[in-house]
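Structural overview
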Amino acid sequence: MEKRQELYAGKAKSVYTTDNDDYVILSFRDDTSAFDGEKIEQLSRKGEVNNKFNAFIMEYLSNAGIPTHFEKLLNANESLVKNMQMIPVECVVRNVASGSLCRRLGVDDGLELNPPVFEFFLKNDALHDPMINEFHIETFGWAKSEDVSTMKQLTFNVNELLSKLFADAGMILVDYKLEFGLFKGDVVLGDEFSPDGCRLWDAETRKKLDKDRFRQGLGGVIEAYEEVARRIGVPL
Ligand code: 5GP
């Protein structure tokens, strides 16, 4: 498939059109951002690690019956994906309290959440991704209510699959964010799944192996991503 022009540049990825309207190319850059784009740095190898990590997870989920936009890896930094109409809503599941949940509700970081907590956020940096609920999504027309139910169900299905995948490799999937889109009318998992959009802790030591290392200036960011990749068997 032939790469054409840049359609959109996000904070960490760029999207390019192709000669087929049904497909676009996701290009994973080394740019790393936090706090709605206020902190940005280039981390060497990050684009490649996240592209390959995402390919592995998307294929794993797809093999388990989750519809995803992923088609194939094209090269170190690029993947071919379905051209979806993105739904501007972030779906978050939390198995352990951390991050904004602790700041909002004053609960202890590390508290086990049983059952897991589900939250929606509006994808809008200027508004700092505010928390929303099903009523906002329906009233403002961001998604149809049946598609909201599908997103929620798929996000919980992903939790079962990935909690086990990471647990078997000695890690706790603390929380994660998913984004969905519509492809020919169906709800399909989009964006990426990588340590940029989830929290992963070593099960024994609780060492952070995700983007919190960048947010909190802990160092060893890409080394941690590579360690997670190695443990679950991502070919880097
Ligand atoms: P929190 O609400 O605690 O900041 O984030 C919950 C989970 O969703 C974390 O794993 C975090 O990495 C992910 N997350 C939430 N919003 C975003 C976002 O805008 N970008 C990325 N990359 N991850 C996000």
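Keep in mind that this is a model prediction, so the values were computed, not measured.

1. Overview of the overall build of the chain
Secondary structure summary: the chain contains six helices and 13 strands in total. The principal-axis extents of the C-alpha atoms in the chain amount to approximately 50 × 40 × 35 Å. Of all intrachain contacts in the chain linking residues separated by at least 6 positions in sequence, the fraction that spans at least 24 positions is 55%. Accessible surface, the chain: about 11400 Å² in total, of which carbon and sulfur atoms supply 48%. Averaging the coordinates of the 29 positive side-chain charges in the chain and doing the same for the 40 negative ones gives two points 3 Å apart.

2. Thoughts on the domain arrangement of the chain
Splitting the chain by domain gives domain 1 (3-82) and domain 2 (85-220). Taken residue by residue, the interface counts 28 residues in domain 1 and 26 residues in domain 2. Summing both partners gives a buried area of about 2500 Å² for domain 1 against domain 2, and 66% of it is carried by carbon and sulfur. If you look at where domain 1 meets domain 2, you find five salt bridges. The residue Lys 46 makes a salt bridge to Asp 196 at a minimum N-O spacing of 2.5 Å. Here domain 1 and domain 2 share 14 residue pairs in polar contact (both at pLDDT 80 or more) between them. Of all the secondary-structure elements, those providing two or more residues to the side of domain 1 that touches domain 2 are strand S3 (23-28), strand S4 (31-34), strand S5 (39-42) and helix H1 (46-63). The greatest single-element share of the side of domain 1 that touches domain 2, amounting to eight residues, is contributed by H1. Residue composition of the side of domain 1 that touches domain 2, grouped by class: 13 nonpolar, six polar and nine charged.

3. Some words on the packing of H1 against helix H4 (residues 145-167)
At a closest axis distance of 11 Å, the pairing of H1 and H4 adopts a crossing angle of 120°. Looking at the two axes, H1 sits oblique to H4. Crossing angle aside, the handedness with which H1 passes H4 is right-handed. Packed against H1, whose contacting residues are Phe 53, Ile 57, Tyr 60 and Leu 61, the element H4 presents Val 158, Leu 161, Leu 162, Leu 165 and Phe 166 at the interface. Classifying every residue of the contact of H1 with H4 gives nine nonpolar, no polar and no charged.

4. Let's talk about the nonpolar core
Grouped together as the largest cluster of nonpolar side chains are 41 residues, with contacts concentrated most on Phe 53, Ile 57, Phe 120, Leu 162, Phe 166, Phe 193 and Ile 232. Mapped by element, the contributors of at least two residues to this core are H1, strand S8 (85-96), strand S9 (112-122), H4, strand S11 (171-183), strand S12 (186-189), strand S13 (198-202) and helix H6 (221-232). The element contributing the most residues to this core is H4, with seven residues. Setting aside its immediate chain neighbours within four residues, Phe 120 contacts Val 89, Glu 90, Cys 91, Pro 130, Met 131, Ile 132, Asn 133, Glu 134, Ile 137, Val 148, Met 151 and Lys 152. Core analysis: the second largest hydrophobic core is formed by seven residues, Leu 43, Val 49, Phe 214 and Val 221 among them.

5. A short note on the site of the ligand
Contacts to the ligand come from 16 residues, most closely from Arg 94, Ser 100, Asp 175, Arg 199 and Arg 215. One nitrogen or oxygen atom from the side chain of Glu 90 is found 3.3 Å from an oxygen atom belonging to the ligand. Note that an oxygen atom of the ligand is positioned 3.2 Å from one of the side-chain N or O atoms of Asp 129. Relative to its unbound accessible surface of 490 Å², the ligand loses 82% to contact with the protein. Secondary structure elements with two or more residues in the shell around the ligand: S8, S11 and S13. Among the residues making up the shell around the ligand, the classes are represented as three nonpolar, four polar and nine charged.

6. Side note on the packing of aromatic side chains
A full pass over the atoms with the stated rule returns five aromatic pairs. On the numbers, 4.8 Å between centres and 75° between planes, the contact of Phe 118 with Phe 120 is edge-to-face. Their ring planes at 35° and their centres at 5.2 Å tell us that Phe 140 and Trp 142 sit as a pair that is tilted. A residue is classified by how much of its surface remains accessible, and Phe 140, at 54% relative accessible area, is exposed. Accessibility expressed as a relative area gives 25% for Trp 142, which makes it partly exposed. Among the aromatic residues, ring-to-ring pairing joins Phe 118, Phe 120 and Phe 156 into one connected group. Over the ring of Tyr 16 we find Lys 3, and its NZ or CZ is 4.1 Å from the ring centre. Its guanidinium or amino end placed over the ring of Phe 214, Lys 39 lies 4.5 Å from that ring's centre, counting from NZ or CZ.

Thresholds applied
- Residues numbered from 1 in each chain as written.
- Predicted model: local features only at pLDDT ≥ 70, side-chain atom pairs only at ≥ 80, totals over all residues.
- Heavy atoms only, no water.
- Helix = DSSP H or I, 4+ residues; strand = E, 2+ residues; numbered from the N terminus.
- Contact = heavy atoms within 4.5 Å.
- Areas by Shrake-Rupley, 256 points an atom, 1.4 Å probe, with all protein chains shown as cover.
- Lys, Arg positive; Asp, Glu negative; His and termini not counted.
- Charge placed at Lys NZ, Arg CZ, Asp CG, Glu CD.
- Domains from an automatic or database assignment.
- Buried area = accessible area lost by both parts, 1.4 Å probe.
- Salt bridge = Lys/Arg side-chain N within 4 Å of Asp/Glu carboxyl O.
- Polar contact = N/O pair within 3.5 Å; in protein donor to acceptor, adjacent residues only side chain to side chain.
- Nonpolar A, V, L, I, M, F, W, Y, C, P; charged D, E, K, R; others polar.
- Axes fitted to C-alpha atoms, helices over the stretch in contact; angles between N-to-C directions.
- Parallel < 35°, antiparallel > 145°, perpendicular 65-115°, else oblique.
- Left-handed = near helix turned anticlockwise from the far one by under 90°.
- Core = buried A, V, L, I, M, F, W, Y, C linked by side-chain atoms within 4.5 Å.
- Buried < 20%, exposed > 50% of the residue type's maximum accessible area, 1.4 Å probe, protein only.
- Near = heavy atom within 4 Å.
- Phe/Tyr/Trp six-rings, centres within 6.5 Å; stacked < 30°, edge-to-face > 60°.
- Lys NZ or Arg CZ within 6 Å of the ring centre and 35° of its normal.

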